[in-house]
Amino acid sequence: MYELSLTGAAVLGTALYYGLKRYISDCRVQIIAADIEELGIQSIRSILNEHCPSLTNPSLAYMIPTPYLPAGILQTAYCSIQTLKRDHLSDITYDRELMTMSDNGTISLDWYPERSTPGPIAIVMAGVGGSSYEYHIRCLVKTISRSGYRVVVMNHRGLGRTPMTSHKMYNLRDTDDFRDTLQHIRDTNPQVPLVGIAFSMGAILLTKYLGEQGNSSLLSAAIAICCPFDMTVTGRLLDADTFLNNNVFQPLVVASQLRVVKRNFDMIKSHPVGIDMDALLKAKRVSEIDTLVSIRVLGYKDCWELYESASTTQYVDRIRTPFLVINSMDDPVVPAHGLPVDKIRENPYTAVALVKHGGHLGFFSGVKPRSWYLTPVVEFLEAIASAAHQKHTEALGKAKL
């Protein structure tokens, strides 16, 4: 009996060992990028290989999730409940700048540490309904500021307690506000490198801007986290009649959007297209809000036509800025099959770091959860800053000659 117990324990131990070994192996970061170089241009793959060990080093490139957050749904839910958390990783105070747009609309720019601090600038955009106040945004801001960056979070119209002062609303299709914001920052900081970082729906605008501008982009580099390239895929996934959608995702997103509606009730009610405010305040799904507001304001026949218009797959092959995307295969909102893998592989400026268990905006690793993506983000930004400094030094040397 004793021998049988020992044998059983040995078999169990062996099974656990190999099971854990396989699980860790599955947590290896997968890089999707072109293997080619453009003439005179260093490809993003070579940048990652040389400067981002957390993504490419065989010994370090693993995103092993927090033991009690092993699945994407748990990672996503944990991120959602952390929104207002404050700790030493996120406790910051912003220097707010209000920017008046050409139509008299208002966006807010939340700077950290201060807008007058020297150094390169990282421009950050949150996801739908999000703002500079969210926990994962504040953690990112504080982390990259330690690398010498000035960080500014762009709060869209009506978001982050930014007042709506015109009838134009934030939407997933229009990059004008982002483009004008970048130009404003460039005009006031003419010799400073600019980089962009965006999450989820904010990543749609970042990707579209990069594709629209091509070689004329004002950004030296860009990072998108949980980017939904195909909004029709994401829209149908979010609109599916499932327990998680009905009880977790939809209530969270709808609540954030309705807070904006309530704070700006009079401005929205007076919109020339005529918006049914009673129906809007009773909305239970994102597609209902888009049907009541976005498609009327923007002139689409339904929300699915809007989502197709907001998709950014067609812009990927036009990007001429080093662009790193960090997505997860178990993202319950942005599924991996929506990634334009072929287009990314064909463009030497674009790359995707794909992990197995990160969820949507989660990527929590360690016994005490911490966002894993902070490390590759810092590595990538430091590589870009170093390259920009080297280029500037070489230009000065040539000028002296």
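Just above sits the structure.
Residues numbered from 1 in each chain as written. Predicted model: local features only at pLDDT ≥ 70, side-chain atom pairs only at ≥ 80, totals over all residues. Heavy atoms only, no water.

As a further point, take the overall build of the protein chain. Each helix and strand in the protein chain was counted, giving 15 helices and eleven strands. Along the first, second and third principal axes, the C-alpha atoms of the protein chain reach 80 × 70 × 40 Å. Put simply, the protein chain has 401 residues, and 52% of those count as buried. Expressed as a percentage of contacts within the protein chain between residues at least 6 apart in sequence, the contacts between residues at least 24 apart total 77%. Counting every atom, the protein chain has about 18,400 Å² of accessible surface; 56% of that belongs to carbon and sulfur. Taken as two groups, the 39 positive and 39 negative side-chain charges of the protein chain have centres that lie 3 Å from each other. (Helix = DSSP H or I, 4+ residues; strand = E, 2+ residues; numbered from the N terminus. Buried < 20%, exposed > 50% of the residue type's maximum accessible area, 1.4 Å probe, protein only. Contact = heavy atoms within 4.5 Å. Areas by Shrake-Rupley, 256 points an atom, 1.4 Å probe, with all protein chains shown as cover. Lys, Arg positive; Asp, Glu negative; His and termini not counted. Charge placed at Lys NZ, Arg CZ, Asp CG, Glu CD.)

Spatially, E1-E9-E8-E7-E6-E4-E5-E3-E2 is the arrangement adopted by the nine strands of the open sheet, whose pairing is mixed. Unpaired on one side and paired on the other, strand E1 (30-33) and strand E2 (95-100) mark the two borders of the sheet. Strand-to-strand twist in this sheet, taken as the mean axis angle between neighbours without regard to direction, amounts to 20 degrees. Where helix H7 (residues 200-213) meets the sheet, its contacts fall on strand E4 (121-125), strand E6 (194-199), strand E7 (221-225) and strand E8 (323-328), and the angle it forms with E6 comes to roughly 140 degrees. (Pairing = 2+ DSSP bridges. Axes fitted to C-alpha atoms, helices over the stretch in contact; angles between N-to-C directions.)

What follows is about the pairing of E4. In terms of burial, E4 is a largely internal element, five of the five residues being buried. Neither face of E4 is open: one carries Ile 121, Ile 123 and Met 125, the other Ala 122 and Val 124, and all of them are buried. Of the strand pairs in this sheet, E4 and E6 are connected by five bridges, and their pairing is parallel. Along E6, the bridge assignment pairs Ala 122 with Val 195.

All right, on to the packing of helix H8 (residues 231-239) against helix H9 (residues 243-263) then. Following both chains from N to C, one finds H8 and H9 inclined at 120 degrees, their axes separated by 9 Å at the closest point. Regarding the angle of H8 to H9, the classification is oblique. Contact residues: H8 offers Leu 237, Leu 238 and Asp 239, while H9 offers Asn 245, Phe 249 and Gln 250. Of the residues belonging to the contact of H8 with H9, the class tally is three nonpolar, two polar and one charged. (Parallel < 35°, antiparallel > 145°, perpendicular 65-115°, else oblique. Nonpolar A, V, L, I, M, F, W, Y, C, P; charged D, E, K, R; others polar.)

Next up on the list: a positive patch on the surface. Taken together, the side chains of Arg 161, Arg 259, Lys 262 and Arg 263 make up a positively charged region of the molecular surface. Summarising the element assignment, Arg 263 is placed in helix H9. For Arg 263, a relative accessible area of 45% gives the class partly exposed. (Patch = residues over 30% accessible without salt bridge, like charges linked within 9 Å, V, L, I, M, F, W, Y side chains within 5 Å. Salt bridge = Lys/Arg side-chain N within 4 Å of Asp/Glu carboxyl O.)

This part covers unusual backbone geometry. Here the bond from Tyr 112 into Pro 113 is cis, since omega is -5 degrees, no more than 30 degrees from zero. Along the chain, Pro 113 turns up in the loop between strand E3 (106-112) and E4. Non-glycine residue Asn 104 carries a positive phi angle of around 75 degrees. Considering the arrangement of structural elements, one finds Asn 104 in the loop between E2 and E3. For Asn 104, a relative accessible area of 53% gives the class exposed. Residue Ser 200 is not a glycine yet carries a positive backbone phi of 50 degrees. Within the secondary structure, Ser 200 is located in helix H7. A relative accessible area of 5% places Ser 200 in the buried class.

Attention now goes to the nonpolar core. Among the nonpolar cores identified, the biggest contains 62 residues, and Ile 123, Phe 178, Leu 206 and Leu 219 are the most heavily contacted of them. With seven residues, the single largest contributor to this core is H7. Not counting residues up to four positions away in its chain, the partners in contact with Phe 178 are Ile 123, Met 125, Met 154, Leu 205, Leu 206, Tyr 209 and Leu 219. (Core = buried A, V, L, I, M, F, W, Y, C linked by side-chain atoms within 4.5 Å.)

Here the structure, examined in full by the defined rule, presents 14 salt bridges. Of the charged contacts in the structure, one is a salt bridge between Arg 96 and Asp 110, with a shortest N-O distance of 2.7 Å. Here Arg 96, found in strand E2, pairs with Asp 110, found in strand E3; they are 14 residues apart in sequence, far enough to count as distant. Residue Asp 110 is classed as buried on the basis of its relative accessible area, which comes to 1%. For Arg 157, the salt bridge is made with Asp 103, and the minimal N-O distance between the two is 3.0 Å.

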